[in-house]
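So the chains spell out like this:
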Amino acid sequence: MNLNKVDIDWDKLGFDAVETRSMFIATCSIDGEWTGGSLMPYGKIELSPAAGVLNYGQGVFEGTKAFHTSKDNIVLFRIDRNAKRMAWSTKRMCIPQMDPDFFIQAVMETVKDNLDYVPPYGKGSMYIRPIVWGTAPALGVRAVAEYTFIVFVSPVGSYFKGGVKPLNLKVETNYHRAAPRGIGNAKAIGNYSASLYPLTMAKKEGFDEVIYLDSVDGERVEELGSANLFICKDGIIKTPKLSGSILDGVTRDSVCRIASDILGIQVEETDIYLRDMLEADEVFCTGTAVIVTPVGRITYEGQVHEFAHGGIGPITNKCKETLTALQRQEINDPFGWLHSVIKKG
Ligand SMILES: *Cc1c(COP(=O)(O)O)cnc(C)c1O
């Protein structure tokens, strides 16, 4: 196994899908178990117009990354957490519940076959997208008979255009992302269709993303369309507690653990009211795609609130630097979060 790379301008990578060599594919019937599967050339797939996913949105996905580290290893980050979440999401959407070991083995196979597309150390990462959906036809509403699981990968750089700069957000008061006891805590494809319209409107007004409020009384902040939210006040880090309508982010949990166990910062998972956020010293968001991204400004009812002078605050910066260093093996991994795909050093 060598770590030669394909011919890509790694410095120009953004967050668009780049075609790679292969993808993993497996199928399963509704009362079957996920086994087998194989690699096939990256490419288009056929679908019945009556497929469950097209008509009723029966599908879930995951997002994780592989890194080329400073020790010349290729590693996955906390893949067991994604595997567990996939098991929960598939169950919630009446897709045959995916066994975590099957999930991890499929991800490993896909990354191994596309190793030369993993950006070199320090140049980004390989984004991994496992996705599963109902393929069999349905006209009446029901969980369909047959499911397809695919894992594809793409080398990526920075999620937001123009690299890391503090985000300009608005508090969304017209729309909710998810409701308690709905599907907001599963990684269901439909959650993103709910947040697309508010996101598009906000972008037209010049914002990068929106902050959603809880759908019970609209007093507490929940998360962004695709990232979790944190605030810092007087040296304490807080993030909204998992209420049922918030996605349990791997990065969210990682930042909580890094802050408390490595950085010695007090962390609270709690209710965060709008005014707590607007009066915070620092605000940042987390996700596999955005890593740790500072929030520079938040607009609420026409008023602009600025955080860390519109820049990146010291606590945000420490969390971001420590997480990135851990993923790249620049510091020790005291938690055992890294899972080797290829081990050299
Ligand atoms: C995926 C996702 C996140 C981030 O989760 P990570 O596991 O950190 O990538 C946050 N919010 C929503 C709604 C998501 O779908």
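Numbers given to residues run from 1 along each chain, matching the order in which its sequence is written. Predicted model: local features are reported for residues with pLDDT of at least 70 only, side-chain atom pairs are reported and counted for 80 or more only, and whole-chain, interface and lining totals are derived from all residues. To obtain the side-chain values, all non-hydrogen atoms of the structure were included, while hydrogens and water were left out.

Draft legend 1. Quick peek at the site of the ligand. Any residue with a non-hydrogen atom lying within 4 Å of a molecule or strand is treated as near it. If you check the shell around the ligand, you find 15 residues, and the closest are K187, Y192, E223, T251 and T288. Y192 is positioned with one of its side-chain polar atoms (N or O) 2.4 Å from an oxygen atom of the ligand. Polar contacts, as counted here, are pairs of nitrogen or oxygen atoms within 3.5 Å of one another; within protein the pair requires one atom able to donate a hydrogen and one able to accept it, and residues that are adjacent in sequence qualify only if both atoms are side-chain atoms. Between the ligand and T251, the relevant distance is 2.6 Å, taken from an oxygen atom to a side-chain nitrogen or oxygen of the residue. In the complex, the protein chains occlude 96% of the 380 Å² of accessible area that the ligand would expose alone. When residues are sorted by character, Ala, Val, Leu, Ile, Met, Phe, Trp, Tyr, Cys and Pro go into the nonpolar class, Asp, Glu, Lys and Arg into the charged class, and all the rest, Gly among them, into the polar class. Along the lines of polarity and charge, the residues of the shell around the ligand split into four nonpolar, seven polar and four charged. For accessible areas, the Shrake-Rupley method is used with a probe of radius 1.4 Å. Any residue's cover is judged against the shown protein chains and nothing else.

Draft legend 2. Main features of the pairing of strand β11 (residues 236-240). The criterion for strand pairing is that DSSP finds at least two bridges linking the strands in question. Where helices and strands are cited, they refer to DSSP runs of H or I of at least four residues and of E of at least two residues respectively, numbered from the N terminus. The pairing of strand β10 (residues 228-233) with β11 spans three bridges and is classified as antiparallel. Bridge assignment links K233 to a residue of β11, and that residue is I236. Counted along the chain from β10 to the antiparallel partner β11, the turn is two residues long, and its residue D234 has a positive phi close to 50 degrees. The pairing of β11 with strand β12 (residues 267-270) spans four bridges and is classified as parallel. Directly across from I237, in β12, lies its bridge partner V267. Here, the term right-handed applies to a crossover whose path from the first strand over the helix to the second runs clockwise when the strands point away from the viewer. Considered for its hand, the β-α-β crossover made up of β11, helix α5 (residues 250-262) and β12 is right-handed.

Draft legend 3. Local environment of the domain arrangement of the protein. An automatic or database domain assignment provides the domain bounds reported here. Along its sequence, the protein is organised into domain 1 (10-156) and domain 2 (167-327). Note on definitions: a residue-residue contact is assigned when non-hydrogen atoms from the two residues lie within 4.5 Å. Taken together, the contact between domain 1 and domain 2 spans 24 residues of the former and 22 residues of the latter. In this description, buried area is defined as the sum, over both parts, of the accessible area (probe of 1.4 Å) that is lost when the two are combined. Summed over both sides, the interface of domain 1 with domain 2 buries roughly 1,900 Å², with 60% coming from carbon and sulfur. On the domain 1 side of the contact with domain 2, F61, F77 and R85 bury the most area, a combined 32% of that side's loss. The shortest N-O distance in the salt bridge between R81 and D253 comes to 3.5 Å. Scanning the region where domain 1 abuts domain 2 turns up 10 residue pairs in polar contact (both at pLDDT 80 or more). With six residues, helix α2 (residues 79-92) is the largest single contributor of residues to the side of domain 1 that touches domain 2. Partitioning the side of domain 1 that touches domain 2 into residue classes produces 11 nonpolar, seven polar and six charged. Salt bridge, as used here, is a side-chain nitrogen of Lys or Arg placed within 4 Å of a carboxyl oxygen of Asp or Glu.

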